[in-house]
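The lines below spell out each chain.
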Amino acid sequence: MSSKLVRFGVSIEQELLTKFDRLIQQRKYTNRSEALRDMIREELVKEEWTENREVTGAITLVYDHHTRELVTKVLDIQHDYHTCILSTQHIHMDHHNCFEIIVTKGKSKEIETLYQKLKSIKNVKHAGFMMATKGKDIS
Ligand code: NI
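Residues numbered from 1 in each chain as written. Predicted model: local features only at pLDDT ≥ 70, side-chain atom pairs only at ≥ 80, totals over all residues. Heavy atoms only, no water.

**Some details on the domain arrangement of the protein**
Using the following cut-off: Residue ranges assigned to each domain were obtained from an automatic or database domain assignment. We call two residues in contact whenever any of their non-hydrogen atoms come within 4.5 Å of each other. Put simply, buried area is the surface a 1.4 Å probe can reach on two separate parts but cannot reach once they are joined, added for both. In what follows, salt bridge is the name for a side-chain nitrogen of Lys or Arg lying within 4 Å of a carboxyl oxygen of Asp or Glu. Two N or O atoms count as a polar contact when they lie within 3.5 Å, although within protein this holds only if one can serve as hydrogen donor and the other as acceptor, and sequence-adjacent residues are included solely when both atoms are side-chain atoms.
Domain boundaries in the protein define domain 1 (14-50) and domain 2 (54-132). Placing a centre on the C-alpha atoms of domain 1 and another on those of domain 2 gives a separation of 29 Å. Contacts between domain 1 and domain 2 engage five residues on the former and 10 residues on the latter. Roughly 570 Å² is buried in total at the junction of domain 1 and domain 2, and carbon and sulfur atoms are behind 68% of that figure. When the buried area of domain 1 at its contact with domain 2 is split by residue, Val 45, Glu 48 and Trp 49 rank highest and sum to 88% of it. Taken together, the links from domain 1 to domain 2 amount to zero salt bridges. Linking domain 1 with domain 2 are two residue pairs in polar contact (both at pLDDT 80 or more).

**Some thoughts on the coordination of the nickel ion**
What counts, and what does not: Metal donors: N, O and S atoms at distances within 2.8 Å, or within 3.2 Å for Na, K and Ca, with water omitted from the atom set so that some sites may seem incomplete. Under the scheme applied here, a residue whose accessible area is under 20% of the maximum for its type counts as buried, over 50% as exposed, and between as partly exposed, the area being computed with a 1.4 Å probe on protein chains only.
Around the nickel ion, the protein contributes the donor atoms His 90 (NE2), His 92 (ND1) and Cys 98 (SG), which lie 2.1 to 2.4 Å from the metal centre. Written as a sequence motif, the donor residues of the nickel ion are H-x1-H-x5-C. The class of His 90 is partly exposed, set by a relative accessible area of 35%.

**Observations concerning the packing of helix α2 (residues 32-50) against helix α4 (residues 108-119)**
The axes of two packed helices give the description: the angle between them and the distance between them. Worth spelling out the cut-off: Orientation is described by lines fitted to C-alpha atoms, with helices fitted over the stretch in contact, and by angles between N-to-C directions that extend from 0 to 180 degrees. Each helix is a run of DSSP H or I of at least 4 residues and each strand a run of E of at least 2, with the numbering of both proceeding from the N terminus. Oblique is the label for any angle not covered by the other classes, which are roughly parallel (under 35 degrees), roughly antiparallel (over 145) and roughly perpendicular (65 to 115). Three residue categories are used. Nonpolar comprises Ala, Val, Leu, Ile, Met, Phe, Trp, Tyr, Cys and Pro, charged comprises Asp, Glu, Lys and Arg, and polar comprises the others, including Gly.
Where α2 meets α4, the axes come as close as 7 Å, and the angle between the chain directions of the two elements is 90°. Comparing their axes, α4 and α2 come out roughly perpendicular. Residues Glu 48, Trp 49 and Thr 50 of α2 pack against Ser 108, Lys 109, Ile 111 and Glu 112 of α4. Among the residues forming the contact of α2 with α4, the class breakdown is two nonpolar, two polar and three charged.

**Considering the pairing of strand β2 (residues 85-92)**
The cut-off we apply is this: Strand pairing requires that DSSP identify at least two bridges connecting the strands.
Where β2 meets strand β3 (residues 97-107), seven bridges bridge the pair, whose relative direction is antiparallel. Residue Thr 88 lies in a different strand from β3, and its bridge partner there is Ile 102. Counting the residues that bridge the hairpin from β2 to β3 gives four residues.

**A word on the packing of helix α3 (residues 70-80) against α4**
At a minimum axis distance of 10 Å, the contact between α3 and α4 shows a crossing angle of 170°. Looking at the two axes, α3 sits roughly antiparallel to α4. Contacts between α3 and α4 involve Val 74, Ile 77 and Gln 78 on the former and, on the latter, Leu 114, Lys 117 and Leu 118. The class makeup of the residues in the contact of α3 with α4 is four nonpolar, one polar and one charged.

**Some points on the pattern of salt bridges**
All told, the structure shown has eight salt bridges when counted by the stated rule. The closest approach of N and O atoms between Arg 41 and Asp 38, which form a salt bridge, is 2.7 Å. Here Arg 41 pairs with Asp 38, and both are found in helix α2, just three residues apart, close to one helical turn. Between Arg 53 and Glu 51 there is a salt bridge, and its shortest N-O distance comes to 2.8 Å. When salt bridges that share partners are traced, they join Glu 34, Arg 37, Asp 38 and Arg 41 into one network.

Written as structure tokens, this is what we have:
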């Protein structure tokens, strides 16, 4: 869905605008409009997730596969949620560490619970959670 561009004026404190410009420069945006559009889209995606709609996302995990029982737990939980897991990619980072990317699709509340369960497994070194959208309502 594409729609025509609309211009609108924004009143903002000079200091806040300076901070905004610095931020978008760090993030490599070439202009304020694109930065603002991205930030609005990001907030709308977050809103989709809070409304428990059907969403797509990715969970990442880093763990040491030598840690006792950890791998079994990671697998058990994923099997409990097999209906909302599309794929799992396992990368062996080095002799000890594994990096796992779990691609999910389902109700946002369920995926969030899955993330919390995986993240809270003892000795998981890092967990990340990226939410995405089909963009139907935000483009
Ligand atoms: Ni591995």
